Every structure is written in C-alpha cells, then in structure tokens.
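Residue strings, one per chain:
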Amino acid sequence: MMNDRAGVLDLYIEDIMNTTISLPKTFIALGLLAHQSSSIAQSDSSTELNTLSQLVVTATTTEQTSAKSLTSVTVIDKKTLQAQQPQELSEVLAGQPGIDIVSNGGYGKSTSVLTRGANSTGTKLLIDGVPIQSHSLGTPSWQYIPISQVERVEIVRGPKSSLYGSSASGGVVQVFLPEGNAETAADVSVGAGSFGTRQVDTSVSGQEGSASYVISAGTFRTDGTPVKSENKSMPYTNDHFMARFGYEFDNDAYIKMLVMRAAGESDYESYGNLRSNDYMNQVMALTAGIDVSESWQSELQLREARDEYDVLDSDGNATGTFYNSRSQALRWSNTVWLDNHEFVVGAERIEDDFEGSYSKDRQSNSIFAQSLSQFGQASVQLNIRADHYSEYDTQTTGGVALGYQLDDHYTLRLSGRSSFTAPTFNSMNAENWGYTLTNEIRPETSQTIEAGIRADFANMYWDATIYQADYQDLISWTYPTVGNIDAARAQGLELSSGVTVEQWSLAASATFMETENRSSGSEYGKQLARRAKQSARIELDRHFEKGLLGATLVGYGQRYDDAANSTVLPGFGLLHLRAQYDLAEYWKASVQVKNALDKGYQTADGYRNPGRGIFLSVQYSAF
C-alpha cells in the first residue's frame, strides 16, 4: 500500500510538466496577475468581504459560503451564465475541476458526466433538490436540461451518498431554477445562428404580498450537425416549460410548488439506421416547511421525476422500443441550531419503476444525519446515512471532514467519505440484450480521502485539492459480458482560482488525474476508459459600461475509449468567444462564437462534435 501511494506528488508534478494541454502564455501572465492581486489584497483590511466567495447549498443541504465549505465546490452563478449564453448544460461543466464530458455527437445527443474517475452513474443530478435519472441507464439525460431556464449551477466533488443516497460516488451537480422576488420582471429572448439553430425564451416573475411566482417557457431547435455520416445532420428540438409558486405564512411556515418539463425529438444513427428519441423529462415537487422554534426548522417534500423516450424510425413511426423511468419520493428533513452546532436529521422513502422491453421496480427507505460544529478556528462535519433497498442489503455510508482556519485568508480541510451506487436495471437484466453476466451484479462502493487548502482575499481566491478515490465493484460493460470490476483507483490534483482587477475578471482551473483498473486480469493497470489525465478551463472577461468581451478556453488531454486502452481519443482544446452590448434601456444583444478555431474532436470513438458556430441573441427585459 505504501508503494502505491509513495511519490504521488512527484507523479502529479511530472504530469504538469508533460501535460498534453498547451496552455497559452496569457494564462501564465494572468496567473502572475492573480499573484500580484493576492499581495495587494493582503494589505487590505482582513475583515473585507471576498466578493468571489458565494453561498453553497448542495454540500450540506444548508447555506454556507464556498470559502467555509469543507467540500470541494464550484459555483456557476447567474451573471456567468448570462455572459456565456450556453446552449447545453455540458458547456457549463466542461473543463471544470474533476469533470470529464462524454458526448455521442452534437446537440441533444447522449451525454455522460464522469466526476473524479467514477462511472457515469456516479454523478448525481439534482434539479432544485429533485434527483432525475434513467433507471435503465442509471444516468441523467444531461443533454435535455433546458439551460435557458437555469439560474445557477453548483458542482460538489467527492462522495455525497451520506446526504443524497445512491449515484453520488463521484459528486453531485445541482441545477437551480429562478425564484420570484419583490420586483416584477418579464423577459423575452430570441436567438439564431449556425446549423439552423433558433430559440425563443420568455419568462415572467414577481411577488404579490406573501405569494411569489415564476413562469417561463421556450423552444430550442437546430438542424444539427453530422455525427457519423458525412452528409447527414442530426436535428434536435427542445420545448420547455417551468412554473414555480411559493407562499409564506405569518407563522413562519411556507409552501412551494415546482413543475419543470422538457420534451422534443433528437435524431441519431444506430447501426446505419436513422432513429429519433421522442423524449420527455419532467420534475415536480411540493415542499412545505415550518419554523417549529427559533432553533428548529422542519421541511417535508413530495416529489416525482420522469425520464421517458420512445424510439422512432426515419419516418417518425414508433418502433415499439421505449424507456420510461419514474421516481417518486417523500423526504422529511429537520435542521436544528444549538450555539455553534448545526444538525440535520431526516428520512426518505423512494419508489422507482421502469417500463420498456422489461418491467422493473424497487423501493428504498433511508435515514440520514449530519452535524456541523465550530470550535474556534476549527470546524467539523459528520455524516451518516443508511439506505435499505428491496433488492439487496442495507448500504451504510458516512463521512468526516475537518477544517482549520489558519488566519483571515487561509483555510485547510481534510476529509474521508464513503459512497455507493445502486446497480442499474439494465445491468441486472443484461441477458435481454445477449450479454452474459460474469457475476451477480453488486452495488458499486467507494472510499475517498482528500486534503485541500483555500486562500480568500478581497478580490481573488485560489484552491488546491489532492485526493484518492478507491472504487469497488464498478460495473463494466465489455461485450459480450457485464460484471463488476473488483477494484479501481483515481488519484488527482485539482486547482482553481478567480481574480477581479478593475474591469477584468479571470477564472481558471486545472485537473491532473491518474486512474487505474486494479482488478486481476488482462486489464490490470490500465487507465479507466474515457477519463482524461489532464483538463483545464480558463475564462477571461473585460467588462465595459455597456457590455463585455470574453473568452473561454477548454482543454482535455488524451484518453482511451475502451477498457483495454487500445483506442486512443486525442486531446483537444476549444476556444469560445463572446460579446454583449446594452443596445438601449431594457434591450441587450449577445453574440457567441463556439469552437472559434473550428477544431474537430471526439469524446467517444466515432462520434464527431460540432465545428465552429456563430449565434446571435437579443433580449428584452421589461420593468
């Protein structure tokens, strides 16, 4: 064991020196600028607020700042999303620390998110606290989330099963939708661009007395780009709707209702035949809460999530193949504050069912508890959760995290956490597709240890995290067999920083990761498929009185497409450009140039992603 861990820092240094990602010289110059900004900030008052530290909810289910979090987090706020005008959620996630993106082509095509070397089933997607995923595949339909309705994204890296149950061994991505406030607002946005792309989004929000509301609707359509066949583009449509209502009572009680739905079609090619997914994604939640006392808040949530699609032929007729996943749950949580201690305890009942080429359902009952305590400059977070499934033994996960604030700027953190991922319905019924089970499919489990340091100043921050994740029983599909990989390991270094200097803002991150199949056999010592060793993201914006100019650089190093490491996917770098201008009061125009250098690249063998695209949008905001 000591030989395995010895020299891990040397390994990371060697990776940094030999990385296949060629970061531009401007990144180095801006890094020096950040260092200079740090020196200036240290001379400022130590009590001055760091404007780059943001509130985070996902790491603990309660509010805390990113500067005080004992978990590695990244927050993409409303201002950033409005500036970058992404067309898919994957654009926001690409190149973020610890994140690998795998896409089977362009718009609306099957997309997977792999966090810290875990399988694609190990990154949990929450939409305002509601988990959504396909029970057949075990992954969310990332490509169908209407990004135009998203106000904020939080990325939490590391195991979170002790809070959220299954499918959080690598991390959690939570999407937040807008809420109504005291100011009445109405927005209309119209856009068009390359590949026959056009979109329209509208929303209205406000507050009347104790009631608040948000209603939005929109459509996104594109002729798409060729994915496999040279001369055949793959269209995609997405019609979406969201409604949210809330009411606060005089006795400090509240009730909230949320409905979000996205539906459309996405063409793809399967064994030379044109097919289309007629899909529907939907989340609904009814949440009620009350302040039982000044130090006790209780909340009850009833929710449902659906991930459904029918496969159509080239003429738009149903082929008879369909996949309908539904999850219903009741969650009760309680938060109690006692002096410098915060406690969260609760229970959850989940019922999952699937209908398709086979039928399957399962139930789980869970209890969980968390404590957050402050002892002077030290902080402690403890978590434990037990999930009892109808199909197999109870899965118990937990975690402990320690933090220590060295001074007004620097904070150390150390944590150890465990996690699990329930087997997908497909893996348990793989024989339906001609696969052979090498064993009775078991839940995936993991243990992760990590250490980090964060520095916060008035106008900049930086964060460095080193971790090791050991996975057991990762489920592997290698035709003609399906089975559990006995052991796998991921070791990584994640770096991130942000700085604002007058009208300039810079955010940069880099990841260096080694993955290894540690099971006996011919694939022992091989790199886990589709995990890049290096990745980076740089965002630079220059703000003006009436607009901005900006650029994002995303890069990934070489990776392998298969477990045997026989098919190489070359590294790539993408440059995205943007500009925004306030045309007049209430009017704003934006232009985006995606993949400005027209780079050809693949994240899955045989599936090409879009080349250069130019997109223009105009937004009108009333009131």
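Whatever comes next refers back to the structure up there.
So, here is what we can say about the structure in this document. (Residues numbered from 1 in each chain as written. Predicted model: local features only at pLDDT ≥ 70, side-chain atom pairs only at ≥ 80, totals over all residues. Heavy atoms only, no water.)

1. Overview of the overall build of the protein
Summing up its helical and strand segments, the protein has seven helices and 34 strands in all. Radius of gyration (C-alpha) of the protein: 24 Å, near the 25 Å computed for a compact globule of 623 residues. Taking the principal axes of the C-alpha coordinates as reference, the protein spans close to 65 × 55 × 55 Å. Taken across its 623 residues, the protein has 53% of its residues classed as buried. For the protein, the proportion of contacts with a sequence separation of at least 24, taken over those separated by at least 6, is 61%. When the accessible surface of the protein is totalled, it reaches about 27000 Å², and 54% of it is carbon and sulfur. Charge-centre separation for the protein: the mean point of 47 positive side chains lies 4 Å from the mean point of 74 negative side chains. (Helix = DSSP H or I, 4+ residues; strand = E, 2+ residues; numbered from the N terminus. Rg over C-alpha atoms; globule rule 2.2 N^0.38 Å. Buried < 20%, exposed > 50% of the residue type's maximum accessible area, 1.4 Å probe, protein only. Contact = heavy atoms within 4.5 Å. Areas by Shrake-Rupley, 256 points an atom, 1.4 Å probe, with all protein chains shown as cover. Lys, Arg positive; Asp, Glu negative; His and termini not counted. Charge placed at Lys NZ, Arg CZ, Asp CG, Glu CD.)

2. Examining the sheet that holds strand S9 (residues 171-176)
The five strands lie next to each other as S3-S8-S9-S6-S7, forming an open sheet whose pairing is mixed. Because the sheet does not close on itself, it has two edges, and the strands there are strand S3 (72-76) and strand S7 (130-131). Examined bridge by bridge, strand S8 (residues 152-157) and S9 share six bridges and lie antiparallel to one another. Following the sheet pairing, Ile155 is matched in S9 by Val173. (Pairing = 2+ DSSP bridges.)

3. Examining the nonpolar core
Formed by 35 residues in total, the largest nonpolar core has its most connected members in Leu89, Leu93, Leu125 and Val153. Among residues more than four places away in sequence, those in contact with Val153 are Thr74, Val75, Ile76, Leu89, Leu93, Val173 and Gln174. (Core = buried A, V, L, I, M, F, W, Y, C linked by side-chain atoms within 4.5 Å.)

4. Overview of the pairing of strand S12 (residues 211-222)
When a strand is regular, its side chains alternate between the sheet's two faces. Sheet analysis places strand S11 (residues 197-208) next to S12, joined by eleven bridges and oriented antiparallel. Residue pairing in the sheet places Arg198 in a bridge with Arg221 of S12. Here S11 hands over to S12 after two residues, with Gly209 in that stretch at a positive phi of 65°. As judged from the twelve bridges shared by S12 and strand S13 (residues 236-248), these two strands associate in the antiparallel manner. Counted as the bridge partner of Arg221 is Thr237 from S13.

5. Regarding the packing of aromatic side chains
Tallying each qualifying case throughout the model produces 18 aromatic pairs. Where Tyr144 meets Tyr236, the ring centres are 6.3 Å apart and the plane angle is 20°; that geometry is what we call stacked. Taken together, the residues Tyr144 in the loop between S7 and S8 and Tyr236 in strand S13 connect sequence positions 92 residues apart. No difference in accessibility class separates Tyr144 from Tyr236, as the two residues are buried. Consider the rings of Trp587 and Tyr620, whose centres lie 4.8 Å apart with planes at 50°: the pair is tilted. Here Tyr620 lies in strand S34 (residues 613-622) and Trp587 lies in strand S33 (residues 587-594), a separation of 33 residues in the sequence. Since its relative accessible area comes to 40%, Trp587 is described here as partly exposed. (Phe/Tyr/Trp six-rings, centres within 6.5 Å; stacked < 30°, edge-to-face > 60°.)

6. Side note on the pattern of salt bridges
Per the stated rule, a full pass over the model turns up 30 salt bridges. Across the pair Arg578 and Asp541 runs a salt bridge, and its minimum N-O distance is 3.0 Å. Of this pair, Arg578 sits in strand S32 (residues 572-584) while Asp541 sits in strand S28 (residues 534-544), and the two are 37 residues apart along the sequence. We classify Arg578 as buried; its relative accessible area is 5%. What makes Asp541 buried here is its relative accessible area of 10%. Residues joined by salt bridges that share partners form a network here, namely Arg303, Arg331, Glu348, Arg385 and Asp387. (Salt bridge = Lys/Arg side-chain N within 4 Å of Asp/Glu carboxyl O.)

7. Section: a negative patch on the surface
A cluster of acidic side chains, namely Glu248, Asp250, Asp252 and Asp291, defines a negative patch on the protein surface. Looking at where Asp291 falls in the secondary structure, it is placed in strand S15 (residues 273-293). Residue Asp291 is classed as partly exposed on the basis of its relative accessible area of 32%. (Patch = residues over 30% accessible without salt bridge, like charges linked within 9 Å, V, L, I, M, F, W, Y side chains within 5 Å.)

8. Details of unusual backbone geometry
We note that Thr61 has phi near 75°; this positive angle belongs to a residue other than glycine. Topologically, Thr61 is positioned in the loop between strand S1 (55-56) and strand S2 (64-65). On the basis of relative accessible area, Thr61 is assigned to the partly exposed category, the value being 27%.

9. Some remarks on the pairing of strand S10 (residues 185-193)
Here S10 pairs with S11 via nine bridges, running antiparallel. Along S11, the bridge assignment pairs Ala186 with Val204. Here S10 pairs with S34 via eight bridges, running antiparallel. Opposite Ala186, over in S34, you have Ala622 as the bridge partner.

10. Structural notes on the environment of Arg454
Secondary-structure assignment places Arg454 in strand S24 (residues 444-456). Since its relative accessible area comes to 5%, Arg454 is described here as buried. A polar contact of 2.8 Å, which involves the side chain of Arg454, links it to the side chain of Asp456. (Polar contact = N/O pair within 3.5 Å; in protein donor to acceptor, adjacent residues only side chain to side chain.)

11. Looking at the side chain of Ser476
Structurally, Ser476 can be placed in strand S25 (residues 460-478). Exposure remark for Ser476: the relative accessible area of 18% places this residue in the buried category. For Ser476, the residues in contact, after removing those within four places along its chain, are Thr481, Val482, Gly483 and Ile485.

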